[in-house]
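# Residue-level structure breakdown
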Amino acid sequence: MPKDWAHEGAEALSFVTAPPNNAEIAYTRFKGQRNLPYKEAEPYKSSLYYWWWAFLRRNKQYKNTCNKFGAGKLARLYQDFGNIFDGTFLDWWRDHQSLFAEQSCVGEDPDNLGQLMYQIDPYRPLHHIQEEVKALHMRAQAIMPVGGSTVTSTAQYPIYTNVSAHTLHRVLKLWDLKQTHPTDSAYNLGILAGLRPNLMPLSQYVATRTSKALEIERHNKRARISISNQTNRYLRTAEQYIENVGHGEFPKALRR
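Residues numbered from 1 in each chain as written. Predicted model: local features only at pLDDT ≥ 70, side-chain atom pairs only at ≥ 80, totals over all residues. Heavy atoms only, no water.

### Observations regarding the overall build of the protein chain
Scanning the protein chain from terminus to terminus reveals eight helices and four strands. When contacts within the protein chain are restricted to residue pairs at least 6 apart in sequence, those whose partners lie at least 24 apart make up 53%. Carbon and sulfur atoms make up 51% of the accessible area of the protein chain, which amounts to about 15700 Å² in all. (Helix = DSSP H or I, 4+ residues; strand = E, 2+ residues; numbered from the N terminus. Contact = heavy atoms within 4.5 Å. Areas by Shrake-Rupley, 256 points an atom, 1.4 Å probe, with all protein chains shown as cover.)

### Some words on the packing of helix H1 (residues 48–56) against helix H8 (residues 211–245)
Relative orientation and spacing of two packed helices are given, respectively, by the angle between their axes and the distance between those axes. At a closest axis distance of 9 Å, the pairing of H1 and H8 adopts a crossing angle of 90 degrees. Classified by the angle their axes make, H1 and H8 are roughly perpendicular. On H8, the residues that touch Trp52, Phe55 and Leu56 of H1 are Ala238, Tyr241, Ile242 and Val245. For the contact of H1 with H8, the residue count by class is seven nonpolar, no polar and no charged. (Axes fitted to C-alpha atoms, helices over the stretch in contact; angles between N-to-C directions. Parallel < 35°, antiparallel > 145°, perpendicular 65-115°, else oblique. Nonpolar A, V, L, I, M, F, W, Y, C, P; charged D, E, K, R; others polar.)

### Focus on the nonpolar core
Counting residues in hydrophobic clusters, the biggest one holds 47 residues, and the most contacted among them are Trp51, Phe55, Tyr62, Phe81 and Phe100. For this core, the secondary-structure elements that each account for two or more residues are H1, helix H2 (60–67), helix H3 (75–81), helix H4 (89–96), helix H6 (165–180), helix H7 (186–192) and H8. For this core, the element with the highest residue contribution is H1, accounting for nine residues. (Core = buried A, V, L, I, M, F, W, Y, C linked by side-chain atoms within 4.5 Å. Buried < 20%, exposed > 50% of the residue type's maximum accessible area, 1.4 Å probe, protein only.)

### Comments concerning H4
Those residues of H4 that fall on the buried side of the exposure criterion are Phe89, Trp92, Trp93 and His96. For H4, the angular spread of the buried residues around the axis is 100 degrees, confining them to a single face. (Arc of directions from axis to C-beta.)

### A look at the side chain of His96
Mapping His96 onto the fold places it in helix H4. Look at His96 and you get buried, because its relative accessible area is 17%. If we skip the residues at most four places from it in the chain, His96 touches Asp80, Phe81 and Gly82.

### Things to note about the confidence of the model for the protein chain
When pLDDT is averaged across the protein chain, the result is 81; 68% of the residues are at 70 or more. Low pLDDT, under 50, characterises residues 3–10; the stretch is placed with 22 contacts to residues that sit more than four places away or in other chains. Counting contacts from residues 23–33, a segment whose pLDDT is below 50, to residues more than four positions away or on other chains yields 21 contacts. (pLDDT = per-residue confidence, 0-100.)

Printed below as a string of structure tokens:
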């Protein structure tokens, strides 16, 4: 499991996925080349935790709550995440990384050897708690080996599912383009975002009504429709990510 030492001498924090990699996190197991979301991107943008912060900034209800100093529909989330518009991501991360760190919730009962104490966080999803308890019980009955556990994250805010930084960047870029170009077609938005249609050029010496020309026209039409459909899928995904991150779940998108 990834570990992050944010400050020398401080207790090591453990994460289920790579934390932001910056100068203050010198002793990370992820010292090699990171999968950057785009060329020349800052290394910390390879981390899912950066994109959690970035998508939450697009949530209008959370922005309104921040503008009202924590009063609003997402006041409960604000107590944990604070004003994400005040400062940079790395500034925010230094003060809030513990929200995503794994917590030790299981320990031995000193009065009853062989028994375990399990601490329940009432704010965690019920199905996460049920899965952990089930896994602990199966281990005790020697049904599940210790090394084969599928216990879910114990973080206060666990990652919902693994999505590449490249995909998250593309999804958010299209969402931002839609906000600045609301009347543009899905195809044009896709082109602006860097999607490349597989278009076939029509020779200037070929008549427009020949069978070859008509075949090229049909192919290009399908290519444009493909870009439009892909763009719309990204936009639907972005909408769900932004909505669900306001409920403390990211990246979560159940409809395509």
